[in-house]
Amino acid sequence: MSDELRRRIPEAPELRRVFDQSWLSEERIDESLERLGSFVSWAERIGSKGGHDLGEASVLAVASELGFTAVLDDRHARSVASAHYRQVHGTLWLLAESWRIDRATEVQVCNLVNALRDSGMRLPCSGGDFSKFAKTNKLGPWR
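Quick look at the structure, then. (Residues numbered from 1 in each chain as written. Predicted model: local features only at pLDDT ≥ 70, side-chain atom pairs only at ≥ 80, totals over all residues. Heavy atoms only, no water.)

1. Notes on the packing of helix H6 (residues 91–100) against helix H7 (residues 106–118)
Taken N-terminus to C-terminus, the directions of H6 and H7 make an angle of 160°; their axes are 9 Å apart at the nearest point. When the interaxial angle is binned, H6 and H7 end up roughly antiparallel. The chirality of how H6 crosses H7 is right-handed. Between H6 and H7, the residues in contact are Thr91, Leu92, Leu95, Ser98 and Trp99 and Glu106, Val109, Leu112, Val113 and Leu116, respectively. Of the residues assigned to the contact of H6 with H7, the class counts are seven nonpolar, two polar and one charged. (Axes fitted to C-alpha atoms, helices over the stretch in contact; angles between N-to-C directions. Helix = DSSP H or I, 4+ residues; strand = E, 2+ residues; numbered from the N terminus. Parallel < 35°, antiparallel > 145°, perpendicular 65-115°, else oblique. Left-handed = near helix turned anticlockwise from the far one by under 90°. Contact = heavy atoms within 4.5 Å. Nonpolar A, V, L, I, M, F, W, Y, C, P; charged D, E, K, R; others polar.)

In structure tokens:
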């Protein structure tokens, strides 16, 4: 997923802010043959074609191996993943959780929501509306 974001930085420089978050870390997909095999299995489940959904498949391969929560925003991939792995959520859930556990402030999270929207990501709220969205959907501090 990080490669996907990095490729978009020339057209959406605000995405650099995602990489400034100390609470995020990266895992490589090519760490083991088992992880690569899991990646192929997830890509087949999701129905990856023409290079689409490979980021989602890599996230699922690492998350399922390490017992992490997979963060996916593609509706189809998240639906398929949820049928096979119970720890699947979207980006807004992740941002709300980072706020809930004091890894990011409300202002930082709202600024990230705006940066993601400014980059072209389709989200159901702006940074200014994020607190209300999180409360309405019982995310983060309202979980």
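Back to the text.
2. Digging into helix H5 (residues 75–84)
Burial in H5 covers these residues: Ala77, Val80 and Ala81. The arc that holds every buried residue of H5, seen down its axis, measures 100°, which confines them to one face. Seen from the open side of H5, the exposed residues pointing more than 90 degrees away from its buried face are Arg75 and Ala83. The elements touched by buried residues of H5 are helix H3 (33–46), helix H4 (54–66) and strand E2 (88–89). Near the N-terminus of H5, the side chain that reaches the backbone nitrogen of His76, with its oxygen 3.2 Å away, is that of Asp74. (Buried < 20%, exposed > 50% of the residue type's maximum accessible area, 1.4 Å probe, protein only. Arc of directions from axis to C-beta. Polar contact = N/O pair within 3.5 Å; in protein donor to acceptor, adjacent residues only side chain to side chain.)

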